[in-house]
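Architecture and fold: a report
In case you want the letters, here they are:
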Amino acid sequence: RCGVRPANSAVQSGATPADPGQNSLDATLTSAVFTGVSYQYFFKTPDGRELSAFDRNTGGGAVASPGDAVRLSWRPEHTFVMPAGTVSSQPGADSK
């Protein structure tokens with residue numbers, strides 16, 4: 001298993017081309033919650049994994065609506081490996 005902290009990921013439209021210098025993952029937005037200073041997003045990948053990410057509120061509103069295809073991306077150095085048999089203490093922080 002590997003993971004990335006939700007605050008270290010970016011959320012873009014699924015139509016946005018993947019940056020070859022970034023890790024990325026396609027998903028469907030299932031929920032967007034405005035928390036006052038940021039949005040917390042919840043996603044489902046095509047293989048059924050559930051993930052979450054945070055996006056700072058820049059005044060433009062949510063980047064997508066529930067049901068939209070999105071791309072999650074993050075810098076490779078933000079990826080960490082979790083030893084076999086461990087469970088992330090950060091909800092939604094794990095991906096494969």
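To be clear, the structure that these remarks concern was listed above.
Everything numeric in this text was worked out from a predicted model, so none of it was measured.

1. Some thoughts on the side chain of T45
- Relative to the helices and strands, T45 resides in the loop between β4 (38–44) and β5 (50–56).
- Using a relative accessible area of 7% as the deciding quantity, one classes T45 as buried.
- In terms of polar contacts, T45 uses its side chain to reach the side chain of D47, at 2.3 Å.
- With residues near it in sequence (within four places) discarded, T45 still touches L25, D26, A27 and L51.

2. Side note on the sheet that holds strand β3 (residues 23–34)
- Reading across the sheet, the 5 strands line up as β2-β6-β3-β4-β5 and stay open at both edges, with antiparallel pairing between neighbours. Because the sheet does not close on itself, it has two edges, and the strands there are β2 (10–13) and β5. In this sheet, neighbouring strand axes are inclined to one another by 45 degrees on average, regardless of whether the strands run parallel or antiparallel.
- Two elements, β3 and strand β6 (residues 69–74), share 6 bridges in a ladder whose sense is antiparallel. Each bridged residue has a counterpart across the sheet, and for A27 the counterpart in β6 is V70.

3. Thoughts on the side chain of R71
- By the secondary structure assignment, R71 is in strand β6.
- Polar contacts involving the side chain of R71 include one to the side chain of D26, which spans 3.0 Å.
- If we ignore the near neighbours within four places in the chain, the residues touching R71 are A10, V11, Q12, S13, G14, T16, P17, A18, S24, L25 and D26.

4. A word on the nonpolar core
- Counting residues in hydrophobic clusters, the biggest one holds 14 residues, and the most contacted among them are V11, L29, Y41, F43, V70 and L72.
- At the level of secondary structure, the elements contributing two or more residues to this core comprise β3, β4, β5 and β6.

5. Remarks on the pattern of salt bridges
- Taken as a whole and assessed by the stated rule, the structure comprises 4 salt bridges.
- Here R71 makes a salt bridge to D26, at a shortest N to O gap of 3.0 Å. One end of the pair, R71, is in strand β6; the other, D26, is in strand β3, and 45 residues separate them in sequence.
- A residue is classified by how much of its surface remains accessible, and D26, at 40% relative accessible area, is partly exposed.
- Here E77 ties to R75 by a salt bridge, and the two come within 2.6 Å at their closest N and O atoms.
- On the basis of relative accessibility, which here comes to 52%, the residue E77 falls in the exposed class.
- According to the relative accessible area criterion, R75 is partly exposed, its value standing at 41%.

6. Considering the environment of R56
- Looking at the element boundaries, R56 is found in strand β5.
- In sequence terms R56 and Q40 are 16 residues apart; their C-alpha atoms lie 8.9 Å from each other.
- When neighbours within four sequence positions are excluded, R56 is seen to be in contact with A7, V37 and S38.

About the criteria used
Sequence positions are assigned chain by chain, starting from 1 and proceeding in written order. Since the coordinates come from a predicted model, pLDDT governs what is reported: local features require at least 70, and pairs of side-chain atoms require 80 or more to be given and counted, while whole-chain, interface and lining totals use all residues. Only hydrogens and water are set aside when side-chain values are computed; all heavy atoms of the structure are taken into account. Where helices and strands are cited, they refer to DSSP runs of H or I of at least four residues and of E of at least two residues respectively, numbered from the N terminus. In this scheme, a residue with accessible area under 20% of its type's maximum is buried, one over 50% is exposed, and one in between is partly exposed, where area comes from a 1.4 Å probe on protein chains only. Definition of a polar contact: a pair of N or O atoms within 3.5 Å, with one able to donate and the other able to accept a hydrogen when the atoms are protein atoms, and with sequence-neighbouring residues admitted only if both atoms are side-chain atoms. In what follows, residue pairs with any heavy atoms lying within 4.5 Å of each other are defined as contacts. Pairing between strands requires that DSSP locate at least two bridges from one strand to the other. Only C-alpha atoms enter the line fits that serve as axes; for helices the fit covers just the stretch in contact. Angles between N-to-C directions range over 0 to 180 degrees. The criterion is simple. A nonpolar core is a set of buried Ala, Val, Leu, Ile, Met, Phe, Trp, Tyr and Cys residues joined through side-chain atoms within 4.5 Å. Any carboxyl oxygen of Asp or Glu that lies within 4 Å of a side-chain nitrogen of Lys or Arg is treated as forming a salt bridge with it.

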